Amino acid sequence: MGTLDDKQIYSNNAVFQHPNFSKPPASFLFVGRWFRFGLVLFLLLSVLLGTSGCSAKATNPWSAATSVVPLETVQAVVAENSELNPQEAASNVLAWTVDGQAGRLVVFNFNNPGVCGSVGCLYAAYLVNKDTPPVRVFYSYLNPNLPPNRPLFQVADELSSNSQLPCLQVQQPSGKDIRQLLFCFNGSKYQLAKSYLIEIPIN
């Protein structure tokens, strides 16, 4: 076989050129941009969906009463409002809280069939602050059997004439509809201010 002379070597080198990796083709840049955009969009949707899930779970406001107030307070509330054994019943009591200017309002759900009857189950609310012993400001038997999207207690939009504690909206089943009861604080206790029906089926 013959050998290549200098002109042939130069000619072959002139035809073959090493690719320039410093500047990728425009098609790769286009695909890369859309990939990054899709990745950012995916992460954003994941965060939003995760937030929605947490919000849905937060619609159930009840928590263990002993995580809100001391165990001794829960036992005292059980003893004052029922004939249940305070030591045995306290661990099952649930609580829902609202902060106000006068202190913290704690609604107690005894979560025990021993305080339930034909008209509903017992719920009691106390004004709790650091300076004075807890004071009962609400006491009523209520029916807790509501649709999942209908909370038993919630803070009402209406403002109380006494601004120390917010008004409470209580929802109750009434036939095939929902009755909304508005309770407002009068300075010493909660009293019924309004009652009206909402024609929304509860089934």
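For the structure itself, consult the block above.
Residues numbered from 1 in each chain as written. Predicted model: local features only at pLDDT ≥ 70, side-chain atom pairs only at ≥ 80, totals over all residues. Heavy atoms only, no water.

**Student:** How do you make sense of the packing of aromatic side chains when you look at a structure like this?
**Tutor:** Remark: the centre distance and the inter-plane angle together describe each pair of aromatic rings, the angle taken between the planes. Taken as a whole and assessed by the stated rule, the structure comprises 9 aromatic pairs. A ring pair is formed by W62 and F153, whose centres lie 6.2 Å apart and whose planes are at 80 degrees; its orientation type is edge-to-face. A residue pair is termed long-range when its members are at least 10 positions apart, and W62 in the loop between α2 (26–58) and β1 (63–64) and F153 in strand β7 (residues 153–155) qualify at 91 residues. Residue classification places F153 among the buried positions, given a relative accessible area of 3%. Relative to Y141, the ring of Y139 has its centre 6.4 Å away and its plane inclined at 90 degrees; by these criteria the two rings are edge-to-face. We classify Y141 as partly exposed; its relative accessible area is 37%. Taken together, W62, W96, Y123, F138, F153 and F183 form an aromatic cluster joined through their ring pairs. (Phe/Tyr/Trp six-rings, centres within 6.5 Å; stacked < 30°, edge-to-face > 60°. Helix = DSSP H or I, 4+ residues; strand = E, 2+ residues; numbered from the N terminus. Buried < 20%, exposed > 50% of the residue type's maximum accessible area, 1.4 Å probe, protein only.)

**Student:** Looking at this structure, how should I read the state of the cysteines?
**Tutor:** Joining two cysteines, a disulfide is a covalent bond between their sulfur atoms. According to the stated counting rule, one finds 2 disulfides in the structure shown. Across a sulfur-sulfur distance of 1.9 Å, C116 and C121 are joined as a disulfide pair. The S-S bond linking C116 to C121 shows a torsion near 110 degrees; that makes this disulfide right-handed. Bridging C167 to C184, the disulfide has an S-S length of 2.1 Å. Torsion about the S-S bond of the C167 and C184 cystine: about 110 degrees, corresponding to right-handed handedness. With C167 in the loop between β7 and β8 (168–174) and C184 in strand β9 (residues 177–185), this residue pair connects regions lying 17 residues apart in the sequence. (Disulfide = S-S within 2.5 Å.)

**Student:** Please explain helix α3 (residues 71–81) as it appears in this structure.
**Tutor:** Residues lying three or four places apart along an α-helix face the same way, a consequence of the helix completing one turn every 3.6 residues. By the burial criterion, the buried members of α3 are T73, V74, Q75, V77, V78 and N81. In the core, the buried residues of α3 are packed alongside α4 (86–89), β3 (103–109), β5 (120–128) and β6 (135–142). (Contact = heavy atoms within 4.5 Å.)

**Student:** Would you explain the sheet that holds β8 in this entry?
**Tutor:** Backbone-to-backbone hydrogen bonds pair the strands of a sheet. The strands run either parallel or antiparallel. Taken together, the 4 strands give an open sheet; going across it, the order is β7-β8-β9-β10, and neighbouring strands pair in antiparallel fashion. Each edge of the open sheet is held by one strand with a lone partner, namely β7 and β10 (190–198). Neighbour-to-neighbour, the strand axes of this sheet turn through a mean angle of 30 degrees, independent of strand direction. In the sheet, β7 pairs with β8 via 3 bridges, with the strands oriented antiparallel. (Pairing = 2+ DSSP bridges. Axes fitted to C-alpha atoms, helices over the stretch in contact; angles between N-to-C directions.)

**Student:** For this particular structure, what's the right way to read the nonpolar core?
**Tutor:** The nonpolar side chains of soluble globular proteins are, as a tendency, buried together. With 22 residues, the main nonpolar core has L105, F153 and Y190 as its most contacted residues. When residues of this core are traced back to their parent elements, those giving at least two are β2 (94–100), β3, β5, β6, β8 and β9. When residues no more than four places from it in sequence are discounted, the contact partners of Y190 are L105, V137, F138, L165, P166, C167, L168, F183, C184 and F185. Judged by nonpolar contacts, the second largest core, of 18 residues, contains A65, V69, V78 and Y126. (Core = buried A, V, L, I, M, F, W, Y, C linked by side-chain atoms within 4.5 Å.)

**Student:** Explain the side chain of N109 to me, please; I cannot follow it from the model alone.
**Tutor:** Relative to the elements of secondary structure, N109 occurs in strand β3. In this structure the side chain of N109 is engaged in a polar contact, spanning 3.0 Å, whose partner is the backbone nitrogen of N111. If we skip the residues at most four places from it in the chain, N109 touches W62, N92, V93, L94 and Y123. (Polar contact = N/O pair within 3.5 Å; in protein donor to acceptor, adjacent residues only side chain to side chain.)

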